[in-house]
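Read off the chains here:
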Amino acid sequence: MNGKLQILLVEDNPGDVELTRENLADSKILHELHVVVDGIEALEFLRKEGEFADAPWPDLVLLDLNLPRKDGREVLEEMKGDPLLRVIPVVVLTSSSAEEDVLRSYHLQASAYVTKPVDLAGFGKIVRGIEHFWFS
């Protein structure tokens, strides 16, 4: 590791990717952000398959639940069922506030569940939460 927190963001909404990128840039977190847009790419990145053969091992995964091709619930379930991947902390970062999604995510051992806000200030709170989570 190069001293930077390796963060994998699994997000298909370009606006949310940009908000996350901007807020991380303004944070105290020395990081590299890697972005994939669906659950299939997320698992390929994590397993270093195909175009992701040289991908770094992520220290943290920020995972949206509502993704194309393979949703975040399936990704989380596969990660936590894999002895190598289960150790990676996963913060579910999603627009879903459905109790079923919250309970299932924690049942699948998500480290945290954060409902996405729609504005920059709300995303700033999320990043500060990640700082607190990571540094404490």
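Before reading further, recall that the structure is shown in the block above.
Attention in this report is confined to the structure presented alongside it. Model, not experiment: these values are computed from the prediction. (Residues numbered from 1 in each chain as written. Predicted model: local features only at pLDDT ≥ 70, side-chain atom pairs only at ≥ 80, totals over all residues. Heavy atoms only, no water.)

1. Overview of the overall build of the protein chain
Alright, step 1. Each helix and strand counted, the protein chain has 5 helices and 5 strands in total.
Alright, step 2. Helices and strands appear in the protein chain in the N-to-C order β-α-β-α-β-α-β-α-β-α.
Alright, step 3. Split into buried and exposed, the 136 residues of the protein chain put 50% on the buried side.
Alright, step 4. Summed over all atoms, the accessible surface of the protein chain reaches about 7,000 Å², with 53% contributed by carbon and sulfur. (Helix = DSSP H or I, 4+ residues; strand = E, 2+ residues; numbered from the N terminus. Buried < 20%, exposed > 50% of the residue type's maximum accessible area, 1.4 Å probe, protein only. Areas by Shrake-Rupley, 256 points an atom, 1.4 Å probe, with all protein chains shown as cover.)

2. Overview of the pattern of salt bridges
Alright, step 1. Per the stated rule, a full pass over the model turns up 7 salt bridges.
Alright, step 2. For the salt bridge of arginine 73 with aspartate 71, the shortest nitrogen-to-oxygen distance reads 3.3 Å.
Alright, step 3. Taking the shortest distance from any N to any O, the salt bridge between arginine 104 and glutamate 77 comes out at 3.0 Å. Taken together, the residues arginine 104 in helix α4 (residues 99-107) and glutamate 77 in helix α3 (residues 72-80) connect sequence positions 27 residues apart.
Alright, step 4. Residue arginine 104 is classed as partly exposed on the basis of its relative accessible area, which comes to 34%. (Salt bridge = Lys/Arg side-chain N within 4 Å of Asp/Glu carboxyl O.)

3. Observations regarding the sheet that holds strand β4 (residues 90-94)
Alright, step 1. With respect to topology, 5 strands assemble into an open sheet ordered β2-β1-β3-β4-β5, the strand pairing being parallel. One side of each edge strand has no neighbouring strand; the edge strands of this open sheet are β2 (31-36) and β5 (112-115). Strand after strand, the sheet turns through a mean of 20° between neighbouring axes, direction not considered.
Alright, step 2. Of the strands in this sheet, β4 and β5 are in contact with α4, which crosses β5 at around 155°. (Pairing = 2+ DSSP bridges. Axes fitted to C-alpha atoms, helices over the stretch in contact; angles between N-to-C directions. Contact = heavy atoms within 4.5 Å.)

4. A short note on the packing of helix α2 (residues 39-46) against α3
Packed helices, taken two at a time, are described by their axes: the angle between them and the distance between them.
Alright, step 1. Two elements in contact, α2 and α3, have axes whose closest approach is 9 Å; the angle formed by their N-to-C orientations is 20°. Classified by the interaxial angle, the pair formed by α2 and α3 is roughly parallel. The handedness of the crossing between α2 and α3 is right-handed. Counted together, Gly39, Ala42, Leu43 and Leu46 of α2 and Val75, Glu78 and Met79 of α3 form the full contact between these two elements.
Alright, step 2. Residues of the contact of α2 with α3, tallied by class, amount to 5 nonpolar, 1 polar and 1 charged. (Parallel < 35°, antiparallel > 145°, perpendicular 65-115°, else oblique. Left-handed = near helix turned anticlockwise from the far one by under 90°. Nonpolar A, V, L, I, M, F, W, Y, C, P; charged D, E, K, R; others polar.)

5. Considerations on the nonpolar core
Alright, step 1. Grouped together as the largest cluster of nonpolar side chains are 23 residues, with contacts concentrated most on Val10, Leu46, Val61, Leu63 and Met79.
Alright, step 2. Contributions of two or more residues to this core are made by β1 (5-10), α2, β3 (60-63), α3 and β4.
Alright, step 3. Take this core: its biggest share by element is 4 residues, from α2.
Alright, step 4. The contacts of leucine 63, once residues within four sequence positions are left out, are Val10, Gly72, Val75, Leu76, Val90, Val91, Val92 and Leu93. (Core = buried A, V, L, I, M, F, W, Y, C linked by side-chain atoms within 4.5 Å.)

6. Focus: the side chain of arginine 73
Alright, step 1. Within the secondary structure layout, arginine 73 lies in helix α3.
Alright, step 2. Engagement of the side chain of arginine 73 in a polar contact is seen with the side chain of asparagine 66, the distance being 3.2 Å.
Alright, step 3. Ignoring anything within four residues of it in the chain, the contact list for arginine 73 reads Leu65, Asn66, Asp101, Arg104 and Leu108. (Polar contact = N/O pair within 3.5 Å; in protein donor to acceptor, adjacent residues only side chain to side chain.)

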